[in-house]
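Reading the structure
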Amino acid sequence: MGEIILCAAAALIFFGIVLGVLRLILGRTAVDRIAAVDMLTVMSITLIALYAHFVGRAVYLDVALVYGALSFLAVLATARYLERGF
Amino acid sequence: MNGLLLYLLCFSILVSGILAVSLRNLLAAVASAGLASLFAAVCYIFLGAPDVAMTEASIGSGLSVLIFLYAVRRTSAARE
Amino acid sequence: MIELVGGVLILLGAAFHFSAGLGMFRMPDVYTRMQAATKASTLGNTLVLAGIAFFHPGWSLKLIVIVYFVFMTNPVSSHALARAAHAIRNSMGRTPVVDALRDARQDRQRVMWRILVAIVVASFGLIFATVAISHVEQQSLRPLAESYVRLVPEALRAPNVVTGILLTYRAFDTLGEVAVLFMVAAGVGLVLTSSERGNDDTPGPGRRAVTQSSEIVRTGAQVLGPLTAIFAAYIIMNGHLSAGGGFQGGAVIASGIVLMLLASPSYQLDLKFLSVAESAAGVLFVVSGIAGLLFAGGFLDNRILPLGQFGAFFSAGAIPLLSVLLGVKVGCELSVILDRFRP
């Protein structure tokens, strides 16, 4: 039962990532692509946490924590770049 | 499940790399390069290497993109 | 029963992630796409992590911190991006595309070049594929790796084998990497002189129009700056116990400093203090190596400080000290490099 739930959740996130990558390929403006990258970062955090639960080791959560804290920087820098306010 | 997700991630790294070299808008290209680094870090976790994944995460998520953006801004401002 | 609740929460969170991806793909406009992506993915992340907390109650503190970071950063970054999108649409009428490639319609020569490149890349791919497919995973470790895995918990009393190897058995290579980083910082300092930047009152053609960031971004950075510093200290000090160490913590320190720089552009770095701290950390690294030579087995041996109990916070000899020195050096160096790069 637990296995089925984990597989279903992983499949749903898998499709979410596929759609995000599609938007990254198709997106018309640059802001589209950057928003897609931001969303894919949050999905990766969830994926890492799910994998940590699947394997049962808490050490992988530190990596998710690093992404949670630092991915902010890239999007903020891009926004400042676009606004010409570096 | 594990193997399938790993293959999807490797394919996404490939796609991000191709996008990073072929997009015309430099901003989007830099974002794609950052995305390749993100997927690589998740692959490292799937292969059981948390230290390497943390190093890739701390450098590739913020600092790498930032340096590229600074470089693009400097070179494009010099041309205007 | 508890597992059922946790499983339902995980499934719900994954469904929200899927709807975030779907919204990103199907929405008509960039603003609606950003709204769908940010809200749904943040909520999905929270639900999945809450569900995982039901399965492993011991992880709850770390999961709560992750949820808090994502809640603080994702909306703020999305807000800044939306503001930027609005600003460029208003000011120029079309989004400015920095077109660095030449015109691709030019000539057939370009197509031939692309075919050649494709053939070269495909052949490289074929070579790698042959190597990758014929790779047989080893069933047991090689003798050297086996001896390291055995020795690091026994002789060094450090639970994290990677940090133990990096900071004791191969610490000389780490010293070499530190020297390389120092050369990079010196090189960047030579090439990119800060006299190009000038002061705030000399206007370039549209280059020095430093706008103030919005209040949300400034407040978010004020909250996140100290948190990032604490997080960096946690990564550095935990290097010998779990994943982490000097380099990772140093990079996170530099990211925190750069965050403060980005959120308030008039923030000036104290470059003198940073270079003094960096040099002091480097000198102390070599001094502790020489102390290892004098008081213990060899250069950069970690037995100069008491080994302590396995898994305790202050244990594994000089490894925490070396991690701190490495973290300070890398952090200061990276922030100085990034400050020099600023246009």
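The rules we used
- Residues numbered from 1 in each chain as written.
- Chains lettered and ligands numbered in written order.
- Predicted model: local features only at pLDDT ≥ 70, side-chain atom pairs only at ≥ 80, totals over all residues.
- Heavy atoms only, no water.
- Contact = heavy atoms within 4.5 Å.
- Buried area = accessible area lost by both parts, 1.4 Å probe.
- Salt bridge = Lys/Arg side-chain N within 4 Å of Asp/Glu carboxyl O.
- Domains from an automatic or database assignment.
- Polar contact = N/O pair within 3.5 Å; in protein donor to acceptor, adjacent residues only side chain to side chain.
- Nonpolar A, V, L, I, M, F, W, Y, C, P; charged D, E, K, R; others polar.
- pLDDT = per-residue confidence, 0-100.
- Axes fitted to C-alpha atoms, helices over the stretch in contact; angles between N-to-C directions.
- Helix = DSSP H or I, 4+ residues; strand = E, 2+ residues; numbered from the N terminus.
- Left-handed = near helix turned anticlockwise from the far one by under 90°.
- 1 Å grid on protein atoms, 1.4 Å probe; cavity = no way out; pocket = protein on both sides within 12 Å on 5 of 7 lines; lining within 4 Å.
- Points joined across faces, edges and corners; volume = space filled by probe spheres on them.
- Buried < 20%, exposed > 50% of the residue type's maximum accessible area, 1.4 Å probe, protein only.
- Disulfide = S-S within 2.5 Å.

**Considering the interface of chain A and chain C**
Note on interface size: it is often stated as the accessible area lost on association of the parts. If you look at the interface, chain A gives 54 residues, while chain C gives 67 residues. Counting the surface chain A buries against chain C, the share from its top three residues, Leu-65, Phe-72 and Arg-80 of chain A, is 12%. On the surface where chain A and chain C come into contact, there are 3 salt bridges. A salt bridge links Asp-62 of chain A to Lys-62 of chain C; the shortest N-O distance between them is 3.0 Å.

**Quick look at the domain arrangement of chain C**
Residue and element names in this part refer to chain C. As far as domains go, chain C holds domain 1 (1–91 + 107–134) and domain 2 (143–195 + 210–343). On a C-alpha basis, the centres of domain 1 and domain 2 stand 29 Å from each other. If you look at the interface, domain 1 gives 9 residues, while domain 2 gives 8 residues. Summing both partners gives a buried area of about 760 Å² for domain 1 against domain 2, and 79% of it is carried by carbon and sulfur. When the area that domain 1 buries against domain 2 is broken down by residue, the three leading residues are Phe-69, Val-76 and His-79, summing to 49%. Taken together, the links from domain 1 to domain 2 amount to 0 salt bridges. Joining domain 1 to domain 2, the criterion identifies 2 residue pairs in polar contact (both at pLDDT 80 or more). Among the residues forming the side of domain 1 that touches domain 2, the class breakdown is 5 nonpolar, 2 polar and 2 charged.

**Quick look at the confidence of the model for chain C**
All names here are of chain C. The predicted model of chain C averages 84 in pLDDT, with 89% of residues at 70 or higher. Note on residues 198–208: pLDDT under 50 across the span, and 6 contacts to partners over four residues away in sequence or across chains. The complex prediction reports pTM at 0.87, with the ipTM value standing at 0.92.

**Here we look at the packing of helix H3 (residues 61–82) of chain A against helix H8 (residues 215–237) of chain C**
Pairs of packed helices are described in terms of their axes, by the angle between the two and the distance that separates them. Put simply, H3 of chain A and H8 of chain C touch, their axes get as near as 11 Å, and they point 145° apart. For the pair H3 of chain A and H8 of chain C, the crossing hand works out as left-handed. Contacts from Asp-62, Leu-65, Val-66, Ala-69, Phe-72 and Leu-76 of chain A in H3 of chain A reach Val-217, Leu-224, Phe-231, Tyr-234 and Ile-235 of chain C in H8 of chain C. Here the residues of the contact of H3 of chain A with H8 of chain C sort into 10 nonpolar, no polar and 1 charged.

**Focus on the layout of surface pockets**
It is a probe the size of a water molecule, rolled over the atoms, that shows where empty space is left. Here the largest pocket defines a volume of roughly 720 Å³. What lines the largest pocket is a set of 19 residues, among which Leu-14 and Ile-18 of chain B together with Ala-118, Val-121 and Gly-125 of chain C lie closest to the centre. Elements with a minimum of two residues in the lining of the largest pocket: helix H1 (2–22) of chain B together with helix H4 (108–133) of chain C. For the lining of the largest pocket, the class distribution of residues is 14 nonpolar, 3 polar and 2 charged. Here the second largest pocket is characterised by a volume of approximately 540 Å³. Taken together, 30 residues make up the lining of the second largest pocket; nearest its centre are Asp-51 and Val-52 of chain B together with Asn-160, Val-162 and Thr-163 of chain C. Put simply, the parts of the chain that give the lining of the second largest pocket at least two residues each are helix H3 (50–79) of chain B together with helix H6 (161–169), helix H7 (171–191), helix H9 (246–263) and helix H11 (319–341) of chain C.

**What about the environment of Leu-241 of chain C?**
Residues and elements named next belong to chain C. Along the polypeptide, Leu-241 turns up in the loop between H8 and H9. Judged by its relative accessible area of 24%, Leu-241 is partly exposed. Spatially, the C-alpha atoms of Leu-241 and Phe-310 are 9.2 Å apart, while their sequence positions differ by 69 residues. Among all residues touching Leu-241, those that are not within four sequence positions of it are Pro-159, Asn-160, Gly-311, Ala-312 and Phe-313.

**Re the side chain of Lys-329 of chain C**
Residues and elements named next belong to chain C. As for its position among the elements, Lys-329 is in helix H11. For Lys-329, a relative accessible area of 7% puts it in the buried group. Look past the residues within four positions of Lys-329 in its chain and what remains in contact with it is Val-178, Phe-182, Glu-278, Ala-281 and Gly-282.

**Quick look at the pattern of salt bridges**
Residues and elements named next belong to chain C. On inspection of all chains with the given rule, the structure shows 6 salt bridges over all chains. We note a salt bridge from Glu-278 to Lys-329, for which the minimum N-O separation is 3.9 Å. Of this pair, Glu-278 sits in helix H10 (residues 271–295) while Lys-329 sits in helix H11; the two residues are 51 residues apart in sequence, bridging distant segments of the chain. On the accessibility criterion, Glu-278 (7% relative accessible area) is buried. Linking Arg-342 and Asp-339 is a salt bridge whose minimum nitrogen-to-oxygen distance equals 3.4 Å. Each member of the pair, Arg-342 as well as Asp-339, carries the same accessibility label: buried. One connected set of salt bridges, linked through shared partners, spans Glu-278, Lys-329 and Glu-333.

**Digging into empty space enclosed by the protein**
All chains considered together, the criterion is met by 9 cavities of 30 Å³ or more. Looking at the largest cavity, its volume works out to about 210 Å³. Taken together, 19 residues line the largest cavity, and the ones lying closest to its centre are Val-37, Thr-41 and Ala-74 of chain A together with Ser-61 and Val-65 of chain B. Counting residues per element, the ones that place at least two in the lining of the largest cavity are helix H2 (30–55) and H3 of chain A together with helix H2 (26–46) and H3 of chain B.

**Observations concerning the state of the cysteines**
All names here are of chain B. Tallied over the entire structure, the rule returns 0 disulfides over all chains. Residue Cys-43 stays outside any disulfide, its sulfur separated by 4.1 Å from that of Cys-10, the closest cysteine. Note on Cys-43: relative accessible area 6%, which makes it buried.

**Some remarks on the environment of Phe-16 of chain C**
Residues and elements named next belong to chain C. Along the chain, the position of Phe-16 falls in helix H1 (residues 2–26). Here Phe-16 falls in the partly exposed class, since its relative accessible area comes to 30%. Put simply, Phe-16 and Thr-42 are 26 residues apart on the chain and 8.9 Å apart in space, counted from C-alpha to C-alpha. Those residues within four positions of Phe-16 in sequence are excluded, and the remaining contacts are Ala-40, Leu-43, Gly-44 and Leu-47.

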